[in-house]
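These are the residues of each chain, in order.
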Amino acid sequence: MYKTVMTKEYVVEIYNELHKIPETAFNEFKTTNLIADELEKLGYKYDRVNPTGIVATLDSGKPGPAFGLRADIDALPYIIDNKHINMHTCGHDAHTAMVLATAKEIKESGGIKKGKLFLVFQPAEEELGGAEAVINSGYIDTLEELVGIHLRPIQEASFGEATPALMHGGGCALNVIVKGIAAHGARPHLGISSIDAAISAVNAVNAIRVDPNIAHSIKVTKIQTEGSAGNIIPDTTNMVFDIRAQTNTIFDKLLEKAKTAIIHSAQAFGATVEISQDGTPAADYNEELVQDTAKAIENVLGSSLPPLITPGCEDFHFFSINKRIKTAYIGLGSDLKPGLHHPEMTFNLNSLVDGKDILKELVFLKLN
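Residues numbered from 1 in each chain as written. Predicted model: local features only at pLDDT ≥ 70, side-chain atom pairs only at ≥ 80, totals over all residues. Heavy atoms only, no water.

> Any chance you could explain the overall build of the protein chain here in plain terms?
Helix and strand counts for the protein chain stand at nine helices and 17 strands. Principal-axis analysis of the C-alpha atoms gives the protein chain an extent of 80 × 45 × 40 Å. When burial is assessed residue by residue, the protein chain has 51% of its 368 residues classed as buried. Within the structure as shown, the protein chain displays about 16100 Å² of accessible surface, and the carbon and sulfur contribution to it stands at 50%. Where the 33 positive side-chain charges of the protein chain centre and where its 46 negative ones centre are 3 Å apart. (Helix = DSSP H or I, 4+ residues; strand = E, 2+ residues; numbered from the N terminus. Buried < 20%, exposed > 50% of the residue type's maximum accessible area, 1.4 Å probe, protein only. Areas by Shrake-Rupley, 256 points an atom, 1.4 Å probe, with all protein chains shown as cover. Lys, Arg positive; Asp, Glu negative; His and termini not counted. Charge placed at Lys NZ, Arg CZ, Asp CG, Glu CD.)

> Can you walk me through the pattern of salt bridges in this structure?
Where charged atoms of side chains with opposite charge meet at close range, the side chains can pair. Scanning all chains against the criterion turns up 16 salt bridges. Among the salt bridges present, the one from Glu17 reaches Lys20, with a minimum N-O distance of 3.4 Å. Glu17 gets classed as partly exposed once you look at its relative accessible area, which sits at 35%. With relative accessibility at 60%, the residue Lys20 sits in the exposed group. We note a salt bridge from Lys360 to Asp357, for which the minimum N-O separation is 3.7 Å. With Lys360 and Asp357 both in helix α9 (residues 350–367) and three residues apart, this pair spans about one turn of that helix. For Lys360, a relative accessible area of 4% puts it in the buried group. Taken together, the shared-partner salt bridges connect Arg70, Asp72, Glu314 and Asp315 into one network. (Salt bridge = Lys/Arg side-chain N within 4 Å of Asp/Glu carboxyl O.)

> Sorry if this is basic, but what is going on with the sheet that holds strand β6 (residues 116–122) here?
Taking strand neighbours across the sheet as the criterion, the seven strands line up as β1-β2-β6-β3-β7-β17-β8 in an open arrangement whose pairing is mixed. Each having just a single partner strand, β1 (45–48) and β8 (162–163) make up the two edges of the open sheet. Pairing of strand β3 (residues 66–72) with β6 involves seven bridges; the strand directions are parallel. Bridging across to β6, Ala66 finds its partner in Lys116. In the packing of helix α3 (residues 92–108) onto the sheet, contacts are made with β2 (54–59), β3, β6, β7 (145–153) and β17 (326–336), and the angle to β3 comes to roughly 145°. (Pairing = 2+ DSSP bridges. Contact = heavy atoms within 4.5 Å. Axes fitted to C-alpha atoms, helices over the stretch in contact; angles between N-to-C directions.)

> Is there a simple way to think about unusual backbone geometry in this case?
The bulk of non-glycine residues show a negative phi, and the bulk of peptide bonds are trans. Following Asn50, the chain continues to Pro51 via a peptide bond in cis, the omega torsion being 0°. Of note, Pro51 is situated in the loop between β1 and β2. With an omega of -15°, the peptide bond running from Lys337 to Pro338 counts as cis. Structurally, Pro338 can be placed in the loop between β17 and α9. We note that Asp81 has phi near 55°; this positive angle belongs to a residue other than glycine. Tracing the sequence through the fold places Asp81 in the loop between β4 (76–80) and β5 (83–87). You can call Asp81 exposed: its relative accessible area is 67%. You will see that Asp335, though not glycine, has its phi angle at about 55°, which is positive. One can find Asp335 in strand β17.

> What am I meant to see in the packing of helix α5 (residues 194–206) against helix α6 (residues 248–268) here?
Helix-helix packing is described using two parameters, namely the angle between the two axes and the distance between the axes. Axis separation between α5 and α6 bottoms out at 8 Å; the angle between their running directions is 145°. As for the relative orientation of α5 and α6, their crossing is right-handed in sense. Across the interface between the two elements, Ala197, Ser200, Ala201, Ala204 and Val205 from α5 touch Ala258, Ala261, Ile262, Ser265 and Ala266 from α6. Class assignment of the residues belonging to the contact of α5 with α6 gives a composition of eight nonpolar, two polar and no charged. (Left-handed = near helix turned anticlockwise from the far one by under 90°. Nonpolar A, V, L, I, M, F, W, Y, C, P; charged D, E, K, R; others polar.)

> Just checking my understanding: could you explain the state of the cysteines for this structure?
In protein chemistry, a disulfide is the covalent bond that joins the sulfur atoms of two cysteines. Evaluated as defined, the whole model comprises zero disulfides. Between Cys90, a cysteine without a disulfide, and Cys313, which holds the nearest cysteine sulfur, the sulfur-to-sulfur distance is 12 Å. Here Cys172 stays unpaired: no disulfide links it, and the sulfur of Cys313, its closest cysteine neighbor, is 9.4 Å away. (Disulfide = S-S within 2.5 Å.)

Pasting the structure below:
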């Protein structure tokens with residue numbers, strides 16, 4: 001285990017500084033500058049991801065794993081008292097502070113003895129696109145293993161607890177535009193009602209069945225027609241289907257079945273559809289890396305929680321699905337209340353120390 005060379009003050013100080021400058025997806029310019037300034041002080045090499053985010057490296061110059069830590073850096077937008085404001089209510093400021101504090105303590109403890117350490121400060125997790133921006137940058141082309149970390153609400157884990165495998169589900173917003181032919185309400189035979197086709201599609205999707213032993217859901221969450229007059233048969237209806245599943249196999253089946261059901265339902269009425277999607281895959285971890293991460297947690301906290309299933313989604317999993325990087329993901333107990341994304345979210349700041357100690361211990365296990 002690394003010798004402690006710093007106290008709680010640094011990780012809390014960095015957290016407080018980041019908390020003051022919340023910035024939304026791909027607008028994290030102040031945040032990225034703060035990270036860059038700290039990395040320069042520590043002597044890390046780094047590259048900036050376009051337009052925001054950073055990938056830093058520390059190379060031992062000796063053979064060994066290419067191992068990385070990832071922190072998301074963006075905040076969330078809110079409208080409070082009729083004012084548009086940004087707030088860190090998902091803990092990304094905490095994650096960034098823990099990774100920076102880990103970087104500081106590793107460097108001041110003498111660095112790494114083998115392999116190469118990557119520090120990925122990823123933008124745009126909340127609105128998606130950030131992980132893919134890092135992947136497309138080329139800066140992690142040689143990265144072999146990557147571990148993320150995220151504060152957990154008290155309903156999932158308490159302060160002093162952590163899991164090495166936070167099992168996110170896959171999630172997708174399936175955007176559907178149904179196209180028919182407009183007509184006067186008195187002459188429906190001259191048109192094709194996009195509403196009728198959309199309703200048929202909803203019923204068809206609701207009839208989809210997959211393995212009930214694996215948590216999943218599919219439902220329409222938005223339906224809207226163009227125009228406001230009540231005597232016009234609308235030619236366009238917009239719909240959104242929310243699709244979620246705990247495994248990628250079930251997620252892919254739901255997605256395929258939904259597209260088939262929507263297209264055929266529309267065709268039965270003579271309508272056409274345009275379909276697009278925006279989402280994230282489910283967790284797909286490397287068991288050996290999960291075991292290494294569990295050992296690091298045990299060395300710091302005394303014990304490790306088993307894999308923890310959570311219904312939320314994370315674009316972190318693009319690193320394993322699209323880039324085939326071996327991954328694990330720490331869910332860190334922090335007594336977080338009342339919940340993630342709540343504007344009054346709070347957590348135990350002592351969990352920042354737990355997080356950086358676990359990450360530091362993991363780097364020690366992999367690169368020393």
